[in-house]
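What follows is each chain in one-letter form.
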Amino acid sequence: MIVGLAVCECIIYDAHSLKEKRAVLQRVLVRLKQKFNLSASEVEFQDVWQRTKIALVVVTSSQVSTEMELQNALKFIDSFPEIERTITNIEWL
């Protein structure tokens, strides 16, 4: 069993309030969970308007499939024009 953890910091440029930020973030997180076999959550910067840190966790039987699922999820985050992924760290547990 391989556990992969990706933590990425993101900027939401057009958010001018926490309400706008949470609307964008909720849309991204819900679609991630629907499309991929993973857990996703905001883990830092909950009270900052334009910044967030998202954690993605994938558990599979092989490192290759875990890596593929994480990379596909990160590409999916990049497909949203309203959010920009900046720093990303991947760990294996």
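Note: the structure precedes this text.
Owing to the predicted nature of the structure, the values given are computational and were not obtained by experimental measurement.

Rules and cut-offs
Residues numbered from 1 in each chain as written. Predicted model: local features only at pLDDT ≥ 70, side-chain atom pairs only at ≥ 80, totals over all residues. Heavy atoms only, no water. Axes fitted to C-alpha atoms, helices over the stretch in contact; angles between N-to-C directions. Helix = DSSP H or I, 4+ residues; strand = E, 2+ residues; numbered from the N terminus. Left-handed = near helix turned anticlockwise from the far one by under 90°. Contact = heavy atoms within 4.5 Å. Expected span 1.5 Å × (residues − 1). Core = buried A, V, L, I, M, F, W, Y, C linked by side-chain atoms within 4.5 Å. Buried < 20%, exposed > 50% of the residue type's maximum accessible area, 1.4 Å probe, protein only. Arc of directions from axis to C-beta. Pairing = 2+ DSSP bridges.

Caption draft 1: Quick look at the packing of helix 1 (residues 18-35) against helix 2 (residues 63-78). Closest axis-to-axis distance for the helix 1/helix 2 pair is 11 Å, and the angle between their directions is 145 degrees. Considering only the axes of helix 1 and helix 2, their crossing is right-handed. Every residue of helix 2 that contacts helix 1 at Val 28, Arg 31, Leu 32 and Lys 35 is listed here: Ala 73, Phe 76 and Ile 77.

Caption draft 2: Looking closely at helix 2. Along its 16 residues, helix 2 runs 22 Å from first to last C-alpha, staying within 8% of the 22 Å computed at 1.5 Å per residue. Elements in contact with the buried residues of helix 2: strand 1 (2-11), helix 1, strand 3 (51-60) and strand 4 (84-92).

Caption draft 3: The nonpolar core, seen in detail. One finds Val 28, Leu 32, Leu 38, Ile 54, Leu 56, Ile 77 and Ile 83 to be the most contacted residues of the largest nonpolar core, which totals 23 residues. With residues near it in sequence (within four places) discarded, Leu 38 still touches Leu 32, Lys 33, Leu 56, Val 57, Val 58 and Ala 73.

Caption draft 4: Structural view of helix 1. The terminal C-alpha atoms of helix 1, which comprises 18 residues, lie 25 Å apart, in line with the 26 Å expected from a rise of 1.5 Å per residue. Those residues of helix 1 not exposed but buried are Lys 21, Val 24, Leu 25, Val 28, Leu 29 and Leu 32. Along the axis of helix 1, the buried positions cluster into a sector of 125 degrees, meaning they face one direction only. Exposed residues lying more than 90 degrees from the buried face of helix 1 are Lys 19 and Gln 34. The inward-facing, buried residues of helix 1 contact strand 2 (39-44), strand 3 and helix 2.

Caption draft 5: Quick peek at the pairing of strand 1. The buried fraction of strand 1 is high, at 7 of 10 residues. Summarising the sheet, strand 1 and strand 3 pair through 10 bridges and their orientation is antiparallel. Across the sheet, the residue bridging to Val 3 is Val 59, located in strand 3.

So, to be careful, I would describe these as geometric facts and stop short of saying anything about function.
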